[in-house]
Structures are given as structure tokens and as C-alpha cells.
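# Breakdown of the fold
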Amino acid sequence: MKKLMAMLVLAATICMAVAGCGKKADDQTQETVKAAETAPDGSAVTKAAAEVETNAENGLPANRQPDATAPVVDTVMVYAMVNGKMSQVMDSVEELNEQALLDKLIELGTVAEGTTLVSFEKVDTGETVLAGPGAPEGQDTMSVQDGVLTLSGFKPGEGLDEATAEKAVADTYAANFELNQCTVTLQ
């Protein structure tokens, strides 16, 4: 008899717990529906408008379109000091070119102010490698290139020695211009 009573109490407790959780889930569902029916500016959105308004070009809802006035930028990877360690930092420049990359290195503190770009050239090594994904159709191989960067007035950034800063500059140029390696010459 004691076992039967214990089982009944346990069953009643489980039923109460399940019923309580069910009520909570219903409340959350109703709040989600209310949020979906309200636009970000607080105005009410009808179900028909929410279902129909999408951009045919990109499939995004009409109220979630990219900013057409935002500037188009190139993403670059730059070696810079982060929390006392040399790290890869993703950033952007208006247009990827030799001077913009040097300016970004100066901005992030890898190279000190006053360092100027004298020249940068890409040199074919005569080697080829298999073209990977994203290569133009019909292009099976790509030529391997090295870079030669000449800088004037070179000074490492604060907290860096010259060899580390020079290596960071070489690696930054090699990564962004898809070079096998980059040699830095100082004047």
C-alpha cells in the first residue's frame, strides 16, 4: 500500500511539472508571435505583408536589405600586436594597394609613423601550382609570384624589434597579394 501511494504521489508530481512547463512554452510562443507582428519601428505588420515583402534579387525581407549607400571596401589581413602577441587582424581598406596596406600597418602600430613606400613589385618565379576553387574556368594552373617591397625610414612599432616588425610587414604583403613570399628591403 505504501508503494502504491508513493507511485501516485510521484505520478501527480510529474503531471504537475509537465503541465507547468506547457503553460510556460505557450506564453513564450505568444510573445514570439507578438514580436513577429511588430516592425522594428514599432508599427504593426500584417501577416500578408510579412509573408510577401521580399526582394526577388537576394531573397531577403524588405525590412532587412543591405545599405545601398555603404562604401564598398576590401578586406585585408594585417599582422599587428594584440594583447602583447603578434596576431592576424582582419580590417578593411578602401582599395587594396601597396600604400593602403602600409598605411594600415602604421595605423595598427606594426610600423612607426614616418615609414614610406619606395616600391613594390611582383616577380614571377617561373613555377606553377594547380589552380584551386574560384579560379577562372579553364585555368588549371597559376603562376607562383614573389614580392619585393622597398621601404624608406623604416621604424618598428612600439614594443617591437626591427626583425619582428619586418617579418610582420613581409607576411602581411604576402598574404594580401597572394605571394609565395615577400622580401623587404630597407633604405
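Everything below is about the structure printed above this text.
Let's shift gears to the overall build of the chain. Along the backbone of the chain there are four helices and five strands. Listing each helix as α and each strand as β along the chain from the N terminus yields α-α-β-β-α-β-β-α-β. Sorting the 187 residues of the chain into buried and exposed places 21% on the buried side. A total accessible area of about 13,300 Å² is found for the chain, and carbon and sulfur atoms account for 55% of it.

Now for helix α3 (residues 98-107). Where α3 is concerned, the buried positions are A100, L101, L102, K104, L105 and I106. Structurally, α3 contributes buried residues whose contacts are with β1 (74-82), β2 (85-93), β3 (116-130), β4 (141-152) and α4 (162-176). With a side-chain oxygen positioned 3.2 Å from the backbone nitrogen of Q99, the residue opening α3 is N97.

Relative to the elements of secondary structure, T172 occurs in helix α4. For T172, a relative accessible area of 0% gives the class buried. Contacts of T172, omitting those with residues within four sequence positions, involve M77, V78, Y79, L101 and L105.

On to unusual backbone geometry, then. Backbone geometry at N83 places phi at a positive 55°, although glycine is not the residue there. Inspection of the secondary structure puts N83 in the loop between β1 and β2. Phi at E178 takes a positive value of approximately 50°, unusual for a residue other than glycine. Residue position: E178 is located in the loop between α4 and β5 (182-186).

At their nearest, the axes of α3 and α4 sit 11 Å apart, and the two run at 135° to each other. Considered as vectors, α3 and α4 are oriented oblique to each other. Seen along the crossing, α3 lies across α4 with a hand that is right-handed. Here E98, L101, L102 and L105 of α3 lie close against α4, whose contacting residues are V169, T172, Y173 and N176. In terms of residue class, the contact of α3 with α4 is made up of five nonpolar, two polar and one charged.

Here is what the cut-offs are and how they apply
Residues numbered from 1 in each chain as written. Predicted model: local features only at pLDDT ≥ 70, side-chain atom pairs only at ≥ 80, totals over all residues. Heavy atoms only, no water. Helix = DSSP H or I, 4+ residues; strand = E, 2+ residues; numbered from the N terminus. Buried < 20%, exposed > 50% of the residue type's maximum accessible area, 1.4 Å probe, protein only. Areas by Shrake-Rupley, 256 points an atom, 1.4 Å probe, with all protein chains shown as cover. Contact = heavy atoms within 4.5 Å. Polar contact = N/O pair within 3.5 Å; in protein donor to acceptor, adjacent residues only side chain to side chain. Axes fitted to C-alpha atoms, helices over the stretch in contact; angles between N-to-C directions. Parallel < 35°, antiparallel > 145°, perpendicular 65-115°, else oblique. Left-handed = near helix turned anticlockwise from the far one by under 90°. Nonpolar A, V, L, I, M, F, W, Y, C, P; charged D, E, K, R; others polar.

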